[in-house]
Amino acid sequence: MLELVVVRIMLARAGRWLASLLAVTVLAVGGCASPGDSPAQAVQTPKNIIILFADGAAPVQWDFGRYSSAVLRRQPFATTDIVFRDGTLGLLATNPHGPYVTDSAAAASAMSIGYKVVNGVVSITPDGVPRRTVMQAAKAAGKRIGLVTTATIYDATPAAFSINAKSRRDSQLLVDLLVALEPDVLMGGGADYFLPQGTPGGKRKDGKDILAAFRAKGYQIARDTAGLKAATGPRLVGLFADEDMEFELDRDPAQEPTTAEMAAAALRALSQNSPNGFVLLVENENVDTSAHANDAASLMRALWAIDDAVKVALEFQRRTPGTLVIVTGDHETGGFSPTYALKDLSSLSSSNRFYAGDEQFRMLERITISLGRVKEKLGRKPSGDVLDQLIAQHFPGFRLDPDLRQLVLGQKTDERNFAYLPQNALGRMVARQTGFYWGTGGHTPEPVAVGAIGPGAELFRGYQDNSDFGKHLHRLIQGK
Ligand SMILES: [Zn+2]
């Protein structure tokens with residue numbers, strides 16, 4: 001397995017070298033200067049752009065993915081080991097219009113339209129002007145467009161890359177705007193606002209069946225993994241969950257495909273009838289959701305899931321010169337801090353410490369349930385017996401200290417920036433025995449990494465603003 005991956009990575013490297021040698025590139029001298037563009041910079045224009053997006057991932061998350069992948073999967077981590085190492089690497093400041101700390105809507109909006117917006121707003125600037133999104137620009141340039149996410153397809157990131165709306169919460173309107181944009185590929189969760197109230201899972205209040213409307217327009221519709229495998233045409237809507245798709249630890253592989261399987265299906269569809277190329281966004285939202293929960297085991301698997309999709313994108317790039325692959329995130333979630341812990345509270349001596357290491361990664365690997373699923377199983381009135389049973393069954397080697405047990409059973413928090421209960425308390429149980437601590441249940445302003453490989457990648461080098469990322473994408477889509 002390892003050999004295969006290594007060969008694949010070597011092939012990918014050779015392919016990129018060939019691609020850079022052979023690709024017919026349009027050299028454009030930067031004319032209209034915008035912040036972040038260096039004047040007179042020659043830029044290659046990609047035909048296809050694939051954006052792999054881990055919501056909630058900053059450098060600390062990527063490195064956690066790299067290290068855990070090496071220790072537990074014995075696999076290279078393509079994001080760090082290929083894209084960051086062999087491509088260009090930059091950092092993006094993430095602050096929105098107003099506060100220092102961003103939400104996903106404001107961050108993705110800046111990365112899509114090239115301007116700062118207020119938290120919660122979808123690609124409309126504070127002066128009330130809807131600005132052109134990445135996907136609108138791609139469509140106007142004659143490119144095919146695709147959106148893939150493990151969240152609902154109308155969630156903040158895919159929405160901000162596509163449409164304009166005053167609030168990220170107006171789900172039915174967001175779906176209507178997405179439908180009006182007519183992406184060639186839509187994949188993820190969120191079937192609820194595609195189906196009318198009164199049908200299974202449906203929540204639409206206007207009685208419309210949006211899936212039927214897509215089918216009538218000639219789209220193939222997939223509702224599970226087998227359906228996705230069978231959908232080989234150029235236009236595809238795949239909705240695999242009524243709301244968000246599951247964490248890897250809880251996922252039923254027959255019902256929900258992996259992020260990599262969705263990415264592969266999207267590339268198969270978008271590369272057909274595609275004379276002007278395409279822009280594809282592939283998001284793993286569970287990186288963010290698991291970090292809000294302070295769920296290190298689920299975070300690790302979400303990072304592996306997006307990295308497997310990065311591998312799919314790099315393979316596509318090897319076969320298809322002129323493809324730019326970008327890997328990034330929108331903000332850091334959780335103030336994630338792998339560090340040390342005392343073995344117990346009997347002594348403060350350094351001899352009573354351990355540091356998070358291979359043994360602690362193996363403890364994470366033995367956890368067999370997400371903290372979100374534990375919450376569901378505990379229900380509204382958690383019982384001590386059910387809790388003890390869940391810990392014994394799914395968290396081998398872990399013990400729940402009395403103070404944390406009390407927080408779980410009482411559904412209380414002991415600090416104001418930990419609002420996800422019982423997940424944050426259980427996350428601290430894991431932290432105490434592994435050293436994988438968290439500073440918050442929310443977002444932090446740590447700059448995010450952006451790695452790019454392929455034509456145009458050099459634009460993303462260095463320390464920039466997240467609005468510069470959007471400006472660069474528009475420039476590359478317009479081919480100048
Ligand atoms: Zn978040």
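In case you missed it, the structure is sitting above this.
Residues numbered from 1 in each chain as written. Predicted model: local features only at pLDDT ≥ 70, side-chain atom pairs only at ≥ 80, totals over all residues. Heavy atoms only, no water.

1. Quick notes on unusual backbone geometry
Spelled out, the test is: Strands are runs of DSSP state E lasting at least two residues, helices are runs of H or I lasting at least four, and both sets are numbered from the N terminus onward. A simple rule labels every residue: compare its accessible area, found with a 1.4 Å probe on the protein chains alone, to the largest value its type can have, and call it buried under 20%, exposed over 50%, or partly exposed in between.
The residue after Leu421, namely Pro422, is reached through a cis peptide bond having omega 10 degrees. Relative to the helices and strands, Pro422 is located in the loop between helix H16 (402–410) and helix H17 (423–434). A positive phi is found at Glu182, a non-glycine position, where the angle reads about 55 degrees. Its location among the elements puts Glu182 in the loop between helix H7 (171–181) and strand S6 (185–189). Residue Glu182 is classed as partly exposed on the basis of its relative accessible area, which comes to 25%.

2. Examining the nonpolar core
Basically, it comes down to this: As used in this record, nonpolar core signifies buried Ala, Val, Leu, Ile, Met, Phe, Trp, Tyr and Cys residues forming a set joined through side-chain atoms within 4.5 Å. For this analysis, residues touch if any pair of their heavy atoms sits within 4.5 Å.
If you look at the biggest cluster of nonpolar residues, it comprises 79 residues, and the most contacted ones within it are Leu52, Trp62, Phe64 and Met187. Ranked by residue count, the leading element in this core is helix H12 (residues 296–319), at 13 residues. Excluding residues within four positions of it along the chain, Phe64 makes contact with Ala296, Leu299, Met300, Leu303, Phe336, Phe361, Leu364 and Phe436. If you look at the next biggest cluster of nonpolar residues, it comprises 53 residues, including Val134, Met135, Ala165 and Val175.

3. Describing the packing of aromatic side chains
Under the convention used in this document: Stacked, edge-to-face and tilted are the three classes for Phe, Tyr and Trp ring pairs, Trp counted by its six-membered ring, which pair at centre distances within 6.5 Å; planes under 30 degrees apart are stacked, over 60 edge-to-face, the rest tilted. By definition, being over a ring means that NZ of Lys or CZ of Arg is both within 6 Å of the ring centre and within 35 degrees of the ring normal.
In the structure shown here, the tally under the stated rule is 15 aromatic pairs. With a centroid separation of 6.4 Å and an interplanar angle of 50 degrees, the aromatic rings of Trp62 and Phe77 are classed as tilted. Of this pair, Trp62 sits in helix H2 (residues 59–73) while Phe77 sits in the loop between H2 and helix H3 (78–86), and the two are 15 residues apart along the sequence. For the pair formed by Trp62 and Phe77, the shared burial category is buried. Positioned above the aromatic ring of Tyr115, the side-chain terminus of Arg131 is 4.5 Å from the ring centre. Directly above the ring of Phe418 sits Arg428, whose terminal nitrogen or CZ lies 5.5 Å from the centroid.

4. Comments concerning the environment of Trp438
We count it as follows: Think of a polar contact as two N or O atoms within 3.5 Å of one another; within protein, one of them needs to be a possible hydrogen donor and the other a possible acceptor, and neighboring residues in sequence only count if both atoms come from side chains.
The topology assignment puts Trp438 in strand S15 (residues 436–438). Judged by relative accessible area, which is 10%, Trp438 ranks as buried. Taking the C-alpha atoms as reference points, Trp438 and Lys412, separated by 26 residues in sequence, lie 18 Å from one another. Ignoring anything within four residues of it in the chain, the contact list for Trp438 reads Ala291, Asn294, Asp295, Ala296, Leu299, Thr333, Gly334, Gly335, Phe336 and Phe418. A polar side-chain atom of Trp438 sits 3.2 Å from the main-chain carbonyl oxygen of Asn294.

5. Digging into the pattern of salt bridges
Stated precisely, the cut-off is as follows: For this analysis, a salt bridge means a side-chain nitrogen from Lys or Arg found within 4 Å of a carboxyl oxygen belonging to Asp or Glu.
All chains considered together, the criterion is met by 26 salt bridges. A salt bridge links Asp401 to Arg399, with the shortest nitrogen-to-oxygen separation between them at 3.0 Å. Residue Asp401 is classed as buried on the basis of its relative accessible area of 18%. We note a salt bridge from Asp403 to Arg432, for which the minimum N-O separation is 2.8 Å. Here Asp403, found in helix H16, pairs with Arg432, found in helix H17; they are 29 residues apart in sequence, far enough to count as distant.

6. Quick look at the pairing of strand S8 (residues 236–239)
To keep it simple, the criterion reads: Pairing between strands is defined by DSSP: at least two bridges between them are needed. Crossovers are described as right-handed under a simple rule: with the strands pointing away from the observer, the path leading from the first strand over the helix to the second runs clockwise.
Side chains Leu236 and Gly238 project from S8 onto one buried face, and the interleaved Val237 and Leu239 project onto a second face that is buried too. Across three bridges, the pairing between strand S7 (residues 220–222) and S8 is parallel. Bridge pairing in S8 links Ile221 to Val237. Taking the sense of rotation as the criterion, the β-α-β connection linking S7, helix H9 (residues 225–230) and S8 turns out right-handed.

7. Notes on the pairing of strand S3 (residues 48–54)
Among the seven residues that make up S3, seven are buried, leaving the element largely enclosed by the rest of the structure. Where burial is concerned, the two faces of S3 agree: the one with Asn48, Ile50, Leu52 and Ala54 and the one with Ile49, Ile51 and Phe53 are both buried. Inspection of the sheet shows S3 paired to strand S10 (residues 323–328) by six bridges, in the parallel sense. In the strand pairing of S10, Ile49 is matched with Leu324.

8. Let's talk about the sheet that holds strand S5 (residues 144–152)
Put simply, the test is: Lines fitted to C-alpha atoms define the axes here, with helix axes fitted over just the stretch in contact, and angles between the N-to-C directions of these axes take values from 0 to 180 degrees.
Ordered in space as S7-S8-S6-S5-S9-S3-S10-S17-S4-S18, the ten strands form an open sheet in which the pairing is mixed. Unpaired on one side and paired on the other, S7 and strand S18 (462–465) mark the two borders of the sheet. Neighbouring strand axes in the sheet, compared pairwise and without regard to direction, differ in orientation by 15 degrees on average. The pairing of S5 with strand S9 (residues 278–284) spans six bridges and is classified as parallel. Its bridge partner lying in S9, Ile145 is registered against Val279.

9. Describing the layout of surface pockets
Picture a little ball the size of a water molecule; that probe, rolled over the atoms, points out where space is still empty. Our working definition: In this analysis the probe radius is 1.4 Å and the grid spacing 1 Å, with only protein atoms considered; a cavity is a set of points the probe fits into but cannot get out of, a pocket is an open set with protein on both sides within 12 Å along at least five of seven lines, and lining residues have an atom within 4 Å of a point. Grid points are joined across faces, edges and corners, and a volume is the space filled by probe spheres set on the points. Residue classes follow a fixed rule: Ala, Val, Leu, Ile, Met, Phe, Trp, Tyr, Cys and Pro count as nonpolar, while Asp, Glu, Lys and Arg count as charged, and any other residue, Gly among them, counts as polar.
The space that makes up the largest pocket amounts to roughly 890 Å³. Every residue lining the largest pocket is counted, 33 residues in all, and those nearest its centre are Asp155, Asp244, Glu285, Asp288 and Thr289. Of all elements in the fold, only S5, helix H11 (286–292) and helix H14 (371–378) reach the threshold of two or more residues within the lining of the largest pocket. By residue class, the composition of the lining of the largest pocket is eight nonpolar, eleven polar and 14 charged.

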